[in-house]
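Spelled out, the chains give:
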Amino acid sequence: MGRSLGVVAAVAAGLMLCGVGTASAATLVVRGSAEQVQVTGARKGQTLVLTRSGKRVARQKAGSLGGAVFRDVTPGSGYRVANSKPVRVLSDAGTPPSTKIYNQRLPKSGYGYLTTRDGTQLAIDVHLPAGVTAPYPTLVEYSGYGYADPAGGESSIAQVANLLGYAVVDVNMRGTGCSGGAFDYFEPLQGLDGYDAVETVARQPWVMHHRPGMMGISYGGISQLFTAATRPPSLSAITPLSVIDNTQTTLYPGGILNTGFALSWAKDRVHDAKPASATGGQAWALKRIKGGDRICKDNQDLHPEAIDLLEKTAQNAHYVASVADPLSPITFVNRIQAPTFMACQFTDEQTGGHCPALADHFTGTRTKYFTFTNGLHIDSLDPSTFNRWYDFLELYVAHRAPNLSPLVKGSAPVVFQTAMGVAGLTLPADPVQGKASYDDALNAYNSTPPVRVLFDNGAGDPAKPNTPGPAYEHDFARFPAPGTRAYAWQLGGAQTFTWSRTSRPANDFSGSTAGGTNGLWTNTPNYRWTQPPTGAVASWATEPLSASETALGAGFFKATIKSSVPDVDLQVTVSELRPDGRETFVQSGWLRASDRKLDAKKSTPLAPVLSLREKDAAPLPTGKATNITIPMYYQGHAYRAGSRIRVTVGPPRGDQPVWAFGDTVPKKGTARITLDGATLTLPVVPGLAVPTALPGCPALRGEPCR
């Protein structure tokens, strides 16, 4: 493969920004980066010493491919390794020292490389829409998956955007696939790389308005939050789907390690960040190297210097602000200024049900739209939300009136069958599409309140239970919804349960391996949600509700606990006991009892927040009762008149698909636990209309029935 003169010149310009020096042997390449110094060309195991003004700053040994990364280096000039020329270390500010780097030319279509401010080359793949003339409205899709794989990127939705008339630039994060650099989960450099990708794409002659947007689901959605917080000036809008509010609520729910999806995902990132080989890295990169891609091969040099995400996970079981906050979107989405469309699910089996916590933290942008619903990870692109997402892209990226072609509408069943594993889905009518002018369409879209909640997703068509689509919806001016109040149910007397580590229950939500994640991405998920054994949990139920009540938000369970062991992991599950004798799962929450202290500054009457700081951890007092609060994850559920609300507390059962808790305590012996004074508090929106009857059983997506 070759590179154009423009790209070569851009690479040289990028290296000049941060300084590149070579040792006298002309093999050692030293490069300044954002709070880093990167070295390639050393011998395996060679001792490298970083100096500044003749004083030693740090030392380390070169990795297996002769690379090294000195991290947490103070910005400034005059850094050397061996006899290299002095290099400059940049800050992690969004704006680069020079914008000349963005003048590089990217391929008009297909595979290539994009150079960032520190000279790192990121693998990209440019997808153009068929039958459309340039310039194209353009979207950047960015993650550590194999997005740049020319054979088709893992979890990419580029084909969907192409069908809508958009060009897509798929970008692989540094340290993954054929991209250079060393991987670290959402380190500041990844956000800066996103900034550089947006600004470089914006300057391509084929990009409409020279203001690309961003799109993506899950990893590709979360990356948008990190990128947009750096405020790339050419970024037109972002559309993050199925995202997290912070890493803790997915990785350490209630202080308990999620050994199911979260830990498995971390293991996959460790594997994918390795140099491409038969035993590690991304397979598509190895294929390109074997096919003669020298750039991809050279870009592997720093891959062995990736931060071990598993070790980082183990070292941060408790909350450390300096580590956790930079990785938690809830701490920085206030810096986002770009128009934002975000959609996520209360019962997302991968990222979890905490995304709605972000909504009232988006204070930096005036244009923001949120859609929340029960449902699965993929439901952020169900037909109802798809229309709103498309309209937003047309209005804020393409700057034209939305008008889906008959071809796209006719293709919808195939698209949704492929993406969601559900057959027969079509796009509903949309009030914005078909308007006579852009201004009319924009006014129609903006006349809708910014928060949209879809209720009883899966029960929209009683003849097709579990098919994506709500039974009804409500719009709100903000989230939490205006008028929401904390409604408490006193649950009755003391209850005692016992359990041992050897007999603790396994994951209850499980399914076949066919059709999406764990068999869930279909309209007939193979849930196995079983009743807990007698004596294995404490369980209460309210009196039958005299009227329907809608819970919208987080909520919590409170009680006193007396335990025979100094620590225990607990899960609270809230369900609806229906008048027909069936039971519908609604939501869960978790707590490691030693981490029971709340953070008074972060907690609200509707959503308590655990401190999770190591200094606040304390064993349960022997033989004495003490107070505990178990925060619930978010829900949007209408409990119908005549139903009772059931609360079950016991050891973590995995009542969230593909989540598991293999590190529960006690580690040995049998625990005897007594809970008393139990209270369930839910955020209720008084008087909110519930216009439909009790849904079928099963029917609701992400909420199995037994």
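This section reports on the structure supplied with the text. (Residues numbered from 1 in each chain as written. Predicted model: local features only at pLDDT ≥ 70, side-chain atom pairs only at ≥ 80, totals over all residues. Heavy atoms only, no water.)

### Focus: the overall build of the protein chain
In step 1: From N to C terminus, the protein chain includes 13 helices and 29 strands.
In step 2: Taken against the 2.2 N^0.38 rule, which gives 27 Å for 706 residues, the C-alpha radius of gyration of the protein chain at 26 Å falls within 12% of a compact globule.
In step 3: Projected onto its principal axes, the C-alpha coordinates of the protein chain cover approximately 80 × 65 × 40 Å.
In step 4: The 706 residues of the protein chain split such that 60% are buried.
In step 5: Partitioning the intrachain contacts of the protein chain with sequence separation of at least 6 by distance along the chain shows that 76% fall at a separation of at least 24.
In step 6: Of the roughly 26100 Å² of accessible surface on the protein chain, 53% is carried by carbon and sulfur atoms.
In step 7: Treating the 65 positive side-chain charges of the protein chain as one cloud and the 54 negative ones as another, the clouds have centres 7 Å apart. (Helix = DSSP H or I, 4+ residues; strand = E, 2+ residues; numbered from the N terminus. Rg over C-alpha atoms; globule rule 2.2 N^0.38 Å. Buried < 20%, exposed > 50% of the residue type's maximum accessible area, 1.4 Å probe, protein only. Contact = heavy atoms within 4.5 Å. Areas by Shrake-Rupley, 256 points an atom, 1.4 Å probe, with all protein chains shown as cover. Lys, Arg positive; Asp, Glu negative; His and termini not counted. Charge placed at Lys NZ, Arg CZ, Asp CG, Glu CD.)

### Topic: unusual backbone geometry
In step 1: Each neighbour pair has its own omega, and for Ala 134 with Pro 135 the value is 0°, a cis peptide bond.
In step 2: A cis amide bond links Cys 697 with the next residue in sequence, Pro 698, at an omega value of 0°.
In step 3: Here Pro 698 shows up in the segment after strand E29 (670-684).
In step 4: In this model, Ser 53 sits at a positive phi of 55°, which is unusual for a non-glycine residue.
In step 5: Along the chain, Ser 53 turns up in the loop between strand E4 (47-52) and strand E5 (55-61).

### Considering the sheet that holds strand E7 (residues 76-81)
In step 1: Pairing is antiparallel in the open sheet, where four strands are placed in the order E5-E4-E7-E8. Across the chains shown, the open sheet's two edge strands, defined by having one partner strand only, are E5 and strand E8 (87-89). Going across the sheet, the axis of each strand differs from the next one's by a mean of 35°, ignoring polarity.
In step 2: Here E4 pairs with E5 via six bridges, running antiparallel. Residue pairing in the sheet places Leu 48 in a bridge with Gln 60 of E5. (Pairing = 2+ DSSP bridges. Axes fitted to C-alpha atoms, helices over the stretch in contact; angles between N-to-C directions.)

### A few points about the packing of aromatic side chains
In step 1: What the rule picks out here adds up to 31 aromatic pairs.
In step 2: Ring centres of Tyr 111 and Tyr 113 lie 5.3 Å apart, and the angle between their planes is 85°; on these two criteria the pair is classed as edge-to-face.
In step 3: Note on Tyr 111: relative accessible area 15%, which makes it buried.
In step 4: Residue class for Tyr 113 comes out buried when judged on its relative accessible area of 7%.
In step 5: On the basis of an interplanar angle of 85° and a centroid distance of 5.7 Å, the ring pair of Trp 529 and Phe 585 is categorised as edge-to-face. A residue pair is termed long-range when its members are at least 10 positions apart, and Trp 529 in the loop between strand E20 (495-500) and strand E21 (538-541) and Phe 585 in strand E25 (residues 583-592) qualify at 56 residues. In terms of burial, Trp 529 and Phe 585 fall into one category: buried.
In step 6: Aromatic rings pair up to connect Tyr 145, Tyr 147, Tyr 185, Phe 186, Tyr 219, Phe 226, Trp 265 and Phe 332 into one cluster.
In step 7: Over the face of the ring belonging to Trp 265 we find Arg 269, whose NZ or CZ atom lies 4.8 Å from the ring centre. (Phe/Tyr/Trp six-rings, centres within 6.5 Å; stacked < 30°, edge-to-face > 60°. Lys NZ or Arg CZ within 6 Å of the ring centre and 35° of its normal.)

### What about the sheet that holds E25?
The pairing of strands in a sheet happens through backbone hydrogen bonds and is either parallel or antiparallel.
In step 1: The four strands are arranged E21-E28-E24-E25 in an open sheet whose pairing can be described as antiparallel. The sheet terminates laterally at E21 and E25, the two strands that pair on one side only. Between one strand and the next, the sheet's axes are offset by a mean angle of 15°, whatever the strand orientation.
In step 2: As paired elements, strand E24 (residues 569-577) and E25 share nine bridges and run antiparallel to each other. Across the sheet, the residue bridging to Gln 571 is Trp 590, located in E25.

### Describing the layout of surface pockets
In step 1: Considering only enclosed or pocket space, the second largest pocket measures out at about 880 Å³ in volume.
In step 2: Forming the boundary of the second largest pocket are 40 residues, of which Glu 154, Ser 155, Ser 156, Ile 157 and Ile 378 lie nearest the centre.
In step 3: Elements represented by at least two residues in the lining of the second largest pocket include exactly helix H2 (158-163), helix H6 (261-272) and helix H12 (406-420).
In step 4: Among the elements that make up the lining of the second largest pocket, the one with the highest residue count is H12 (seven residues).
In step 5: For the lining of the second largest pocket, the per-class residue count stands at 20 nonpolar, 16 polar and four charged. (1 Å grid on protein atoms, 1.4 Å probe; cavity = no way out; pocket = protein on both sides within 12 Å on 5 of 7 lines; lining within 4 Å. Points joined across faces, edges and corners; volume = space filled by probe spheres on them. Nonpolar A, V, L, I, M, F, W, Y, C, P; charged D, E, K, R; others polar.)

### A few points about helix H7 (residues 283-290)
In step 1: Taken residue by residue, H7 has Trp 284, Ala 285, Leu 286, Arg 288 and Ile 289 as its buried positions.
In step 2: Taken together, the buried residues of H7 touch strand E9 (110-115), strand E10 (121-127), strand E12 (167-172) and helix H8 (294-298).
In step 3: Just downstream of H7 lies Gly 292, where phi reads positive at about 105°.

### Section: the pattern of salt bridges
In step 1: As enumerated under the stated definition, the model contains 20 salt bridges in all.
In step 2: In this structure, Asp 298 engages Arg 294 in a salt bridge whose closest nitrogen and oxygen atoms are separated by 3.9 Å. In this pair, Asp 298 and Arg 294 both sit in helix H8, four residues apart, roughly one turn of the helix.
In step 3: The residue Asp 616 makes a salt bridge to Lys 615 at a minimum N-O spacing of 3.5 Å.
In step 4: Note on Asp 616: relative accessible area 15%, which makes it buried.
In step 5: Within the structure, one salt-bridge network assembled from shared partners comprises Asp 118, Arg 174 and Asp 193. (Salt bridge = Lys/Arg side-chain N within 4 Å of Asp/Glu carboxyl O.)

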